Amino acid sequence: RVRLKDPIEPSIHWLNPDAPCTAVLQKEGELIYSGTCCLSRLHRSLKTLLISPAEPAIRRFRPRQYRAFRQVLTPAPVARIRHPLGNQEIYLPVYDLSSTGIAVEEFHENSLLLPGMMIPELVVELANRSLVRCRAQVLYRKVVPENPRVLRCGITFLDLTLEDQAGLSALLHPTLDPHSFVCNRVDTDELWRFFFESGFIYPDKYEFIRSNREAFKKTYENLYTRSPSIARHFVFRERGLLFGHMSMLRFYSRAWLIHHHAAAKEGHALAGISVLKQVGAYVNEYHVHPSTRMDFVLCYFRPDNKFPNRVFGGVARQINDRRRSSLDSFAYVHLSSEPSKEDISYQLFSAAPEDLEEFCRLYQRTSGGLMAEALDLCGGGQRDEELNREYRDLGFQRERLLFALHRKGSLQAIFMVVLSDTGLNLSNLTNCVHVFITDPQNLEPEVLFSALGNLRRYFRDTKIPILVYPEGYMVERNLPYEKTYTLWALSMEATDDYFMALEAIFKRPMHG
């Protein structure tokens, strides 16, 4: 019920009781309700209105075919809701729970929730412990068919913290697969044995690890015992044994990097697919939350590695739309420890916005994929510093430097130097130089490697990994390189496409 203030003439006569209206409610400057309503009753003499929602439900997010599964838990959690109008706390039983929201039940005659209403603070509790604490919004309200006195209301989480995301996933994922674990504590010695036994660590990679053993040990203890907000890991375990592992890292401001996918060679044939499903579920559930900062998901893989080529390469080929999922190939080589011949005919500057804009325009013309946006090459200096600070606060290192190579007044390449803790990525792809060549016809190899030599001072190791894009530059110039890495990128606008593509590849359900 709304009481109108004086003076209200003649505005009250402009209200048409037969037409819908829009109601916007604010409290202390904060929006708490907005929706299309009907004028159920209008008392002009009493200057009061009675308004009610025109629709029993609203749509908060874009519709998706693959949605989070709702679980009915025993014992049921309790929702503690601070009502935005009266500011009183109400306690309602949770009928079901998912990673995206809850359904609660209340008596019809005492109903206090409206579709579209913002809830400033929602706490979901189980056994007197908080599972979720966040802002939320009521999506729908409907009568329970078997008991007309009861209303069931759907409430969506508007933004979960990374900590709550991990905790909620750890609770819900095992209900679908009891062998699935999310961000649980993992013994690092067991993990190393598993990496060796599964073949994930091969001789060249082991040599790199052996020479940096203590640094590796410290990094992995921090990742797998503290579960920091920048990282997520998923394991498949049966009868106490580890059979599958996959992890993600937020290494760019709006993109998460999938890496460290390993599965046992014997014992459980579907462990690798199981952890892949876990990652897919997590991404699908939480990318809509602002705190996740996930517009893209990335993965580097070698094309001769059959499983990732089948999965990530296969998804991009199935979707067949480079603005939704793309593949870009890099030539991988180590910078020689011998000093390059100094060439003074070029200039190496910190990349200016116009340099990055030029590269992004060129990339869109020649590739049309997602790489430039996903790697945050289209202007993200401020976001870089925010991410660097988050790493430092968690006890990790992350830094990115962008340089522009100019020669004779024209841009010839962009260098992206990324620096992080040893072993954060076992292929050292988070501690390397990405080279994006913008003028392959005129960039001489001597100039390129002379400029790269000037970047040695940023690295402690003598063997510096270099990723050159496009790979064709190295081929056309007959320059030797060690292997090819393909960067797969997926837009979070294409999550339905991703699951449909996976199901076509594996001929089995890949969601839930």
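Use the structure listed above.
For clarity, every value in this text was computed on a predicted model and none was experimentally measured.

### Section: the environment of Asp204
Position of Asp204 relative to the elements: it lies in helix H3 (residues 203–210). Owing to a relative accessible area of 63%, Asp204 belongs among the exposed residues under this scheme. Between the C-alpha atoms of Asp204 and Ser427, which are 223 residues apart in sequence, the distance is 9.9 Å.

### Overview of the sheet that holds strand E6 (residues 89–97)
Around the barrel, six strands lie side by side as E5-E6-E7-E10-E9-E8; this closed barrel has antiparallel pairing. Averaged over all adjacent pairs, the angle separating strand axes in this sheet is 45 degrees, with direction ignored. Docked against the sheet, helix H1 (residues 162–176) engages E6, strand E9 (129–144) and strand E10 (147–157), running at close to 65 degrees with respect to E9.

### So, the side chain of Arg152
Inspection of the secondary structure puts Arg152 in strand E10. Note on Arg152: relative accessible area 13%, which makes it buried.

### A closer look at the pattern of salt bridges
In this structure the tally under the stated criterion is 21 salt bridges. A salt bridge links Arg82 to Glu89, with the nearest nitrogen and oxygen atoms 3.1 Å apart. The partner of Asp497 in a salt bridge is Arg324, with the nearest N and O atoms 2.5 Å apart. Here Arg324 lies in the loop between helix H6 (306–319) and strand E16 (325–335) and Asp497 lies in helix H12 (residues 495–506), a separation of 173 residues in the sequence. The structure contains a network of salt bridges with shared partners spanning Arg80, Arg82, Glu89, Glu121, Glu125 and Arg133.

### A few points about unusual backbone geometry
Going from Thr74 to Pro75, the amide bond is cis rather than trans, its omega being 0 degrees. Residue placement: Pro75 occurs in the loop between strand E4 (48–53) and strand E5 (78–82). With an omega of 0 degrees, the peptide bond running from Tyr469 to Pro470 counts as cis. Considering the arrangement of structural elements, one finds Pro470 in the loop between strand E21 (464–469) and helix H11 (471–476). Here Asn320, not a glycine, exhibits a phi torsion of approximately 55 degrees, which is positive. Judged by relative accessible area, Asn320 falls into the exposed class, the value being 66%.

### Section: the nonpolar core
Nonpolar side chains in soluble globular proteins tend to be buried together. One finds Ile102, Leu122, Ile155, Phe157 and Trp488 to be the most contacted residues of the largest nonpolar core, which totals 68 residues. Here this core gets eight residues from one element, more than from any other, and that element is helix H5 (residues 271–286). Counting residues in each nonpolar core, the second largest holds 58 residues, with Phe208, Ala262, Val418 and Tyr485 among its members.

### Considering the sheet that holds strand E3 (residues 30–43)
Sheet strands associate in pairs through backbone hydrogen bonding, adopting either a parallel or an antiparallel arrangement. Strand order across the open sheet formed by four strands is E1-E4-E3-E2, with antiparallel pairing between neighbours. Edge positions in the sheet fall to strand E1 (2–3) and strand E2 (21–27), since each has one partner strand and no second. The sheet contact formed by E2 and E3 spans seven bridges and is antiparallel. Bridge pairing links Thr22 to Thr36 in E3.

### Structural notes on the side chain of His173
Relative to the helices and strands, His173 resides in helix H1. On the accessibility criterion, His173 (9% relative accessible area) is buried. Setting aside anything within four residues of it in sequence, one finds His173 in contact with Ser180, Val182, Gln278, Ala281, Tyr282 and Glu285.

### A few points about helix H10 (residues 445–453)
The element H10 is largely enclosed, with a buried count of seven among its nine residues. Those residues of H10 that fall on the buried side of the exposure criterion are Pro445, Val447, Leu448, Ser450, Ala451, Leu452 and Gly453.

### Some remarks on the packing of H1 against H5
Closest axis-to-axis distance for the H1/H5 pair is 12 Å, and the angle between their directions is 130 degrees. Classified by the angle their axes make, H1 and H5 are oblique. Like other packed secondary-structure pairs, H1 and H5 cross with a definite hand, here right-handed. Residues Leu162, Gln165, Ala166, Leu168, Ser169 and His173 of H1 form the contact with H5, whose own contacting residues are Gln278, Ala281, Tyr282, Glu285 and Tyr286. Classifying every residue of the contact of H1 with H5 by side-chain character gives six nonpolar, four polar and one charged.

### What to know about the packing of helix H2 (residues 188–197) against helix H4 (residues 213–226)
In the contact formed by H2 and H4, the axes pass within 10 Å of each other and the chain directions differ by 110 degrees. Classified by the interaxial angle, the pair formed by H2 and H4 is roughly perpendicular. The way H2 lies across H4 gives a crossing that is right-handed. Between H2, through Thr188, Leu191, Trp192 and Phe195, and H4, the contact on the second element is made entirely by Phe216, Tyr220, Glu221 and Tyr224.

### Topic: helix H7 (residues 353–366)
In this model, H7 (14 residues) spans 20 Å end to end at C-alpha, consistent with the 20 Å of a helix rising 1.5 Å per residue. Looking at H7, one finds that the buried residues are Asp355, Leu356, Phe359, Cys360, Leu362 and Tyr363. Looking straight down H7, one finds its buried side chains confined to an arc of 165 degrees; they lie on one side. Those residues of H7 that are exposed and aimed more than 90 degrees away from the buried face are Pro353, Glu354 and Arg365.

### As for the packing of aromatic side chains
If you walk through the whole model with that rule in mind, you get 24 aromatic pairs. Ring pairs connect the aromatic residues Tyr66, Phe301, Phe312, Trp488, Tyr498 and Phe499, which therefore count as one cluster. Positioned over the ring face of Tyr95 is Arg152, at 3.6 Å from the centre of the ring.

### Section: the pairing of strand E8 (residues 118–126)
Where E5 and E8 come together, five bridges link them in antiparallel fashion. Counted as the bridge partner of Arg80 is Val123 from E8. Both E8 and E9 contribute to a ladder of seven bridges, which runs antiparallel. Among the inter-strand pairings, Leu126 is bridged to a residue of E9, identified as Arg129. A loop of two residues connects E8 with E9, the two strands running antiparallel in sequence, and Ala127 in this loop sits at a positive phi of about 55 degrees.

Calculation rules
- The residue count restarts for each chain, going from 1 along the sequence in the order it is written.
- Owing to the predicted nature of the model, reporting of local features is limited to residues with pLDDT of at least 70; listing and counting of side-chain atom pairs is limited to 80 or more, with chain, interface and lining totals taken over all residues.
- Side-chain calculation: all heavy atoms of the structure are included, whereas hydrogens and water are not.
- Where helices and strands are cited, they refer to DSSP runs of H or I of at least four residues and of E of at least two residues respectively, numbered from the N terminus.
- The buried label goes to any residue with under 20% of its type's maximum accessible area, the exposed label to any with over 50%, and the partly exposed label to all in between, with areas taken from a 1.4 Å probe on protein chains only.
- Two strands make a pair as long as DSSP finds a minimum of two bridges between them.
- Axes, fitted as lines to C-alpha atoms, cover a helix only where it is in contact. Angles between the N-to-C directions of the axes lie from 0 to 180 degrees.
- We call two residues in contact when some of their heavy atoms are within 4.5 Å.
- Just to be clear on terms, a salt bridge is a Lys or Arg side-chain nitrogen sitting within 4 Å of an Asp or Glu carboxyl oxygen.
- Remark: nonpolar core denotes a set of buried residues (Ala, Val, Leu, Ile, Met, Phe, Trp, Tyr, Cys) joined through side-chain atoms within 4.5 Å.
- Reported orientations rely on four angle classes, namely roughly parallel under 35 degrees, roughly antiparallel over 145, roughly perpendicular from 65 to 115, and oblique for the rest.
- Handedness of each helix crossing follows the sense of rotation of the near helix against the far helix: counterclockwise by less than a right angle gives left-handed, clockwise gives right-handed.
- Gly is placed with the polar residues, together with every amino acid not listed as nonpolar (Ala, Val, Leu, Ile, Met, Phe, Trp, Tyr, Cys and Pro) or charged (Asp, Glu, Lys and Arg).
- Every helix has an expected span of 1.5 Å times one less than the residues it contains.
- Our arc is simply the arc of the directions from the helix axis toward the C-beta atoms.
- Stacked, tilted and edge-to-face pairs are distinguished by plane angle, under 30 degrees for stacked and over 60 for edge-to-face with tilted covering the rest, among Phe, Tyr and Trp rings (Trp via its six-membered ring) whose centres lie within 6.5 Å.
- Two conditions define a charge sitting above a ring: the NZ of Lys or the CZ of Arg must be within 6 Å of the ring centre, and it must be within 35 degrees of the ring normal.

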